[in-house]
Amino acid sequence: MTAKGSIKEVIGLEVEKSRLNREKSMLVMNKSLILYFAFMFVAVLGFINGYISRTLLNVLIIMGLCVLIIGTVPYVRTMHSEEKRLNDLIQQMRK
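Residues numbered from 1 in each chain as written. Predicted model: local features only at pLDDT ≥ 70, side-chain atom pairs only at ≥ 80, totals over all residues. Heavy atoms only, no water.

Attention now moves to the overall build of the chain. Along the chain, the regular secondary structure elements total two helices and zero strands. Radius of gyration (C-alpha) of the chain: 21 Å, far over the 12 Å computed for a compact globule of 95 residues. In terms of its C-alpha atoms, the chain occupies a principal-axis envelope of roughly 70 × 20 × 10 Å. Sequence-distant contacts in the chain: of pairs separated by 6 or more residues, those separated by 24 or more amount to 72%. Counting only carbon and sulfur atoms, one obtains 67% of the accessible surface of the chain, whose full area is about 7,400 Å². Once the 13 positive and 7 negative side-chain charges of the chain are each reduced to a mean point, those two points are 4 Å apart. (Helix = DSSP H or I, 4+ residues; strand = E, 2+ residues; numbered from the N terminus. Rg over C-alpha atoms; globule rule 2.2 N^0.38 Å. Contact = heavy atoms within 4.5 Å. Areas by Shrake-Rupley, 256 points an atom, 1.4 Å probe, with all protein chains shown as cover. Lys, Arg positive; Asp, Glu negative; His and termini not counted. Charge placed at Lys NZ, Arg CZ, Asp CG, Glu CD.)

Take a look at the structure:
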């Protein structure tokens, strides 16, 4: 195996690892969005039908927003780090 072939394989593995990290963060983001909309759905329907009070409605809305924030932060951090890693890889290849 040549050195050039080995470098291509390492770069391919780095790109695949980056893709996997992005997919994992997307899964977390998607699940947090689903949970957020579930909170909102339950809160609005419960409030309209009189099953929950105004205080509980506010608690459910705040909990939904917390879930959304908790799911978004890892997604943004992962995307930023992967973009930086790929840009560094591109810079190394151009040298």
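Text resumes after the structure shown.
Bringing the side chain of Asn21 into the picture now. Along the polypeptide, Asn21 turns up in helix α1 (residues 3-48). At a separation of 2.9 Å, a polar atom in the side chain of Asn21 contacts the side chain of Glu82. Other than its neighbours up to four places away in sequence, Asn21 contacts Thr78, Glu82 and Arg85. (Polar contact = N/O pair within 3.5 Å; in protein donor to acceptor, adjacent residues only side chain to side chain.)

Time to look at the pattern of salt bridges. Inspection of the entire model under this criterion finds three salt bridges. The partner of Glu82 in a salt bridge is Arg85, with the nearest N and O atoms 3.9 Å apart. Of the two residues, Glu82 and Arg85 are both situated in helix α2 (residues 54-94); the distance of three residues between them amounts to about one turn of the helix. Under the relative-accessibility criterion, Arg85 is labelled partly exposed at 27%. (Salt bridge = Lys/Arg side-chain N within 4 Å of Asp/Glu carboxyl O. Buried < 20%, exposed > 50% of the residue type's maximum accessible area, 1.4 Å probe, protein only.)

On to the environment of Arg77, then. On the secondary structure map, Arg77 appears in helix α2. In sequence terms Arg77 and Leu57 are 20 residues apart; their C-alpha atoms lie 31 Å from each other.

Next up on the list: the nonpolar core. Grouped together as the largest cluster of nonpolar side chains are eight residues: Tyr36, Phe39, Met40, Ala43, Ile52, Leu57, Leu60 and Val67. If you list the elements that add at least two residues to this core, you get α1 and α2. Setting aside residues up to four positions removed in sequence, Phe39 forms contacts with Leu60, Met63, Gly64 and Val67. (Core = buried A, V, L, I, M, F, W, Y, C linked by side-chain atoms within 4.5 Å.)

Further remarks concern the side chain of Ser18. Tracing the chain through its elements places Ser18 in helix α1. On the basis of relative accessible area, Ser18 is assigned to the buried category, the value being 0%. Sequence-distant contacts of Ser18, defined by excluding residues within four places in its chain, comprise Glu82, Arg85 and Leu86.

Let us look at a nonpolar patch on the surface. On the surface, Phe41, Val42 and Leu45 cluster together into a nonpolar patch covering about 290 Å² of accessible area. By the secondary structure assignment, Phe41 is in helix α1. (Patch = residues over 30% accessible without salt bridge, like charges linked within 9 Å, V, L, I, M, F, W, Y side chains within 5 Å.)

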